[in-house]
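One-letter residues, chain by chain:
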Amino acid sequence: MIQNIVINGLINGSIYALLAIGFSLIFGVARIVNIAHTAFYMLAAYFIYVGFQYLGMSPYVAMPLAVLAVGVLAIICYKLFIDPIREHEAAVLIATIALAMVIQEALLIGFGGHYLGVPPLIQGYAEIVGVKVTYQHLLALTVALMALFGSWLFLMKTKLGLALRATAQDREVANLMGMNEARVAMLTMGISAMIAAIAGAIVVPLFVLDPHMWMHPLIMMLAIVVLGGLGSMKGSFVGAYIMAFAEVLVVFMVPMGSFLKGSVALSIMIVVLLIRPEGLFGIAFEEER
Amino acid sequence: MKKRHMVWSILAVFWFVVSICFPAWAADEIKIGVIGPMQFTQGEGHWNGATLAAEEINKKGGVQMGNASLPIKLIKVDSNEFLSVPDATNAIELAISRHNVHFLVGGFRTEAVLVMQDIAMDNKKIFIGCGAAHPKLCERVKEDYDTYKYWFRVTPINSRFLVKVDFILLGMVAKIMAKQLNIPKIKVAIVAEKAVWADPIVGIAQKNLPKMGMEVVGVWRPSPVATDVTAELSAIQQSGANIIFTTFSSSVGITFAKQWGELKVPAAAVGINVEAQKDGFWAATGGKGNYTLTINTYARVKITDATIAFFDTYRKRFKEAPNYTAGTYEAVHILADAIEKADSLDPDKIVPMMEKTDRMGTAGRLVFDETHDVTWGPRYVTAVGTQWQNGKNMCVWPLNWEGITYEGTVPYVIPPWVVDAYKK
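S.K.: Could you give an account of helix α14 (residues 347-355) of chain B, with specific residues and numbers?
M.R.: All names here are of chain B. Among all positions of α14, only P347, I350 and M354 are buried. Buried residues of α14, seen end-on, are gathered within an arc of 60° and therefore sit on one face of the element. Turned more than 90 degrees away from the buried face of α14, the exposed residues are D348 and P352. Check the buried side of α14 and you find it contacts β6 (126-130), β7 (151-155) and α13 (328-342).

Rendered as structure tokens:
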């Protein structure tokens, strides 16, 4: 049973981590609480479905195209809906809720409430220490870990990554140093949406597509970033695995209450916050700033 | 001059009162409100079934009432009840007060239908339920006939009978597996989505399976919208279950079937899986849902002489097999027959005619019982068991059950990987 918990926890944790890191990035850099973040994740999944099902594309072609398309769309949305009201944080929050709802309703009109799916890229399963794991899950884990590593490399080793981190540290000083803060925020929006889209591309062969599929990951993602410390990438990473392992533990330890897995994970978040209100890495993050 | 004004005024008031109080007298068409979650498959089934029936009736000249023949006009009413029960109450109010529908067919979620039923009854509108299975909806007719006599249910069968069929299917598969794979005592894993409607089924299963000679190895209750059940499936495999007794009405049915087939879990999946009733199930699971067995209302077998023709017409027209909410097809036909017999649009005259209904419908012989519920049993509506066999949803039950076998029914097939697992 321990093997099951480890393997399932790693896979779910990696997908949550991808979502949470993108969310943290845009919050850290631009102070935008982007509720539409998981709607972009959903949108990528639908783009891939359309490319595969209607346009006859190979999923290998549809996936990068979808990630790119979501990035561009996110930048357009940013310019149209967020940029004009950026100084009003509450208004931005509400605007992103509205944006997510618009995406949801548009998909509902376009595809109805039908549950859709994309076949796995690789068929079959492997047995790892006696646990059956589908190749698609292993692929998802590998791609998620690669994407996480790629994000880290991008932030730590590139000029743009440095600009993002500098802006996250202090917007005003970054501006004074000649960085175009507004442009950095716009790019960050695109990049964070693309990270969410990668998560969408990873899950599309595993999950069922429906216009409400953005809700559950949104709740988990918000819980993860709060648990890890708002805006802290390291916190998001660690928080994602804590939440994922908590969920998997519930399924294995309390099968009758497997529907409670989300609630238990959220309860853990509350307990952590009671002990450490700033989240796991909140102080470190504040110090960084 | 004053007198003439007075006469005109009285005539105007009279005309107004007559047109308000007796709308049916002035009707030149019969308006039927088709109410359901129109953005979802269930609502589409409601609308499609009713559309086919209305077109058939109108093609023959409409509903004969006296010397006139009135065409049927369907009004699409989106209840949005999947997402919001209050939306459903607003929708039915709108249908009655703004669209002035004469009758209503449809409804899906019990919580929403209970409220909609009250509104329809208050307005003395005949409402034929085609989606919610809860017994309470029909028990109300018996408890307070004068108020609820305008309610009838055509589909699905009462949830008590759904459970009965559920256990018959489980018993059938257990028998086949025990015989073909030499399993002395069948072990069953109960997997039911965490929803109110599934709770009694879990309770009954836990109580009854030991009496049926089976062992319950565990109960798993994933969320109705769970996107990953690999953890549950791993735990089930470890429990040594031979059969997974499923109770799903939501998207988790697809997730479960997809991952069950992908991981080749060595246990047969039997029970209720609403998503497996649809043609889209095969594509949604990428074919991994093969060998899933579920209760169903329609299958392309000769349940009655009308079934196959209806099934083919429906599929040709809507590119989808009819689901149980497409029973609105029967509801509209029953209404039309009753209106002709009553020769009136007065609901109090139509209700007695509907109570006498005995129709060879597309899902079986339709007769209402004393609670205005569709009668279940051999030679009435039975429901069917359908299993996905290589891309086709085949009818596997009834097969020699109470002397009933529908022409076109095939034997149940144990998933090959389950057979392989027991041969090793």
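Continuing now.
S.K.: Residues and numbers for the sheet that holds strand β4 (residues 72-78) of chain B, please.
M.R.: The pairing of strands in a sheet happens through backbone hydrogen bonds and is either parallel or antiparallel. Residue and element names in this part refer to chain B. With parallel pairing, five strands are arranged side by side in an open sheet as β4-β1-β5-β6-β7. The open sheet terminates on both sides in strands that have one partner only, identified here as β4 and β7. The mean angle between the axes of side-by-side strands here comes to 25°, regardless of whether they run parallel or antiparallel. As defined by bridge partners, strand β5 (residues 103-106) adjoins β6 across four bridges and the pair is classed as parallel. Among the inter-strand pairings, V105 is bridged to a residue of β6, identified as I128.

S.K.: So what's going on with the interface of chain B and chain A? Residues and values would help.
M.R.: Taken together, the contacts link 32 residues of chain B with 31 residues of chain A. Broken down by secondary-structure element, the contributors of at least two residues to the side of chain B that touches chain A are β9 (215-220), α9 (230-239), α10 (252-263) and α11 (280-284) of chain B.

S.K.: Kindly report on the sheet that holds strand β15 (residues 384-389) of chain B, identifying the contributing residues and their values.
M.R.: Residues and elements named next belong to chain B. Spatially, the seven strands line up as an open sheet ordered β9-β8-β10-β11-β12-β15-β16, and their pairing is mixed. Where the open sheet ends on each side, the last strands, each with one partner, are β9 and β16 (392-397). On average, each strand axis in the sheet is inclined to that of its neighbour by 25°, with strand direction left out of account. The strands that helix α7 (residues 159-181) touches are β10 (243-248), β11 (268-273), β12 (293-296), β15 and β16; relative to β11, the one it contacts most, it runs at about 170°.

S.K.: Please give an account of the environment of A299(B) that cites residues and values.
M.R.: Residues and elements named next belong to chain B. Among the secondary structure elements, A299 is positioned in the loop between β12 and α12 (307-318). A299 gets classed as buried once you count the C-beta atoms within 10 Å, which come to 27. Between the alpha carbons of A299 and T386 there is a distance of 7.2 Å; along the sequence they are 87 residues apart. In this structure A299 touches V384, T386, N393 and C395, once residues within four positions along its chain are discounted.

Criteria and thresholds
- Residues numbered from 1 in each chain as written.
- Chains lettered and ligands numbered in written order.
- Predicted model: local features only at pLDDT ≥ 70, side-chain atom pairs only at ≥ 80, totals over all residues.
- Buried ≥ 20, exposed ≤ 12 C-beta atoms within 10 Å, placed from the backbone.
- Helix = DSSP H or I, 4+ residues; strand = E, 2+ residues; numbered from the N terminus.
- Arc of directions from axis to C-beta.
- Contact = placed C-beta atoms within 7 Å.
- Pairing = 2+ DSSP bridges.
- Axes fitted to C-alpha atoms, helices over the stretch in contact; angles between N-to-C directions.

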